[in-house]
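# Residue-level structure breakdown
Okay, here's what each chain looks like letter by letter:
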Amino acid sequence: MGNQEGAGKVLSLRLCVGSRDPMKIVKSAVVIAGEGIDGDRHRRTDGRRSDRQILLMDRETIDLFGLQEGDVRENITVEGLDFTKIMDGDRVSIGPDVILKITGDCEPCARMDELREGLRNSLEGQRGLLAYAEKGGLISLGDNISNLSA
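Let me sum up the structure you'll find in this document. Residue positions are counted from 1 within each chain, in the order its sequence is given. Confidence filtering applies because this is a predicted model: local features only for residues at pLDDT of at least 70, side-chain atom pairs given and counted only at 80 or more, and all residues used for totals across whole chains, interfaces and linings. Heavy atoms throughout the structure, all of them, feed into the side-chain values; hydrogens and water do not.

## What to know about the nonpolar core
The definition of a nonpolar core used throughout is a set of buried Ala, Val, Leu, Ile, Met, Phe, Trp, Tyr and Cys residues joined through side-chain atoms within 4.5 Å. Working definition: with a 1.4 Å probe on protein chains only, accessible area under 20% of the residue-type maximum means buried, over 50% means exposed, and in between means partly exposed. One finds V31, I54, L56, I76, I94, L100 and I139 to be the most contacted residues of the largest nonpolar core, which totals 24 residues. Sequence-distant contacts of I76, that is, excluding residues within four places in its chain, are made with V10, S12, L13, I54, L55, L56, M57, I94, L100 and I139. Within the second largest apolar cluster, eight residues are counted, among which are I62, L67, L119 and L123. A contact between two residues is defined here by any heavy atoms of the two lying within 4.5 Å.

So, in structure tokens, the structure goes:
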């Protein structure tokens with residue numbers, strides 16, 4: 001059975017445990033509705049909505065810029081999902097349960113220039129998609145990811 005039209009796969013999962021700490025690589029993660037990923041420093045447990053809970057990045061852009069998975073500090077690296085067709089407010093499903101609401105592009109920060117001079121400007125509009133955890137559940141490596149709004 002092949003992927004449905006516009007579907008991709010989860011290639012890697014990472015948790016941000018501290019501002020400058022290395023990302024923790026995991027095989028699966030629990031997404032909590034309204035909060036984010038369990039164990040990630042961007043999870044909000046105070047009831048305040050954050051549109052910056054989860055960062056998705058596509059492998060195609062990582063390869064285009066000669067980067068490694070995790071370099072832009074994404075939580076979820078995917079392959080085969082066309083990010084250019086995903087708009088703010090779109091919803092993506094991951095695995096059988098999780099639904100994320102896309103809240104916008106992630107602005108490249110000065111840390112990108114620490115990887116390579118000029119990378120911050122080069123990545124403008126291509127540093128991945130920020131999302132809000134609309135529906136929680138377990139996500140795992142190899143899960144399908146698709147744009148429900150397509």
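## Digging into the sheet that holds strand β3 (residues 28–32)
DSSP-based pairing: two strands are paired if at least 2 bridges between them are found. Helix and strand assignments come from DSSP, with helices taken as H or I runs of at least 4 residues and strands as E runs of at least 2, each series counted from the N terminus. One open sheet accounts for three strands, arranged β4-β3-β10; its pairing is antiparallel. Pairing within the sheet leaves two strands with one partner each, and these edge strands are β4 (36–37) and β10 (137–140).

## Thoughts on unusual backbone geometry
Keep in mind that most residues, glycine aside, have a negative phi and that most peptide bonds are trans. Even without being glycine, R73 reaches a positive phi, approximately 65°. The residue R73 is located in the loop between α1 (59–64) and β6 (76–79) in this model.

## With respect to the pattern of salt bridges
Oppositely charged side chains are able to pair whenever their charged atoms sit close together. When a carboxyl oxygen of Asp or Glu is within 4 Å of a side-chain nitrogen of Lys or Arg, the pair counts as a salt bridge. Scanning all chains against the criterion turns up eight salt bridges. Ionic pairing is found between E114 and R20, a salt bridge with its closest N-O pair at 3.0 Å. Within this pair, whereas E114 is found in helix α2 (residues 111–115), its partner R20 is found in the loop between β1 (8–15) and β2 (24–26), the two being separated by 94 residues in sequence. The same class applies to E114 as to R20, namely exposed.

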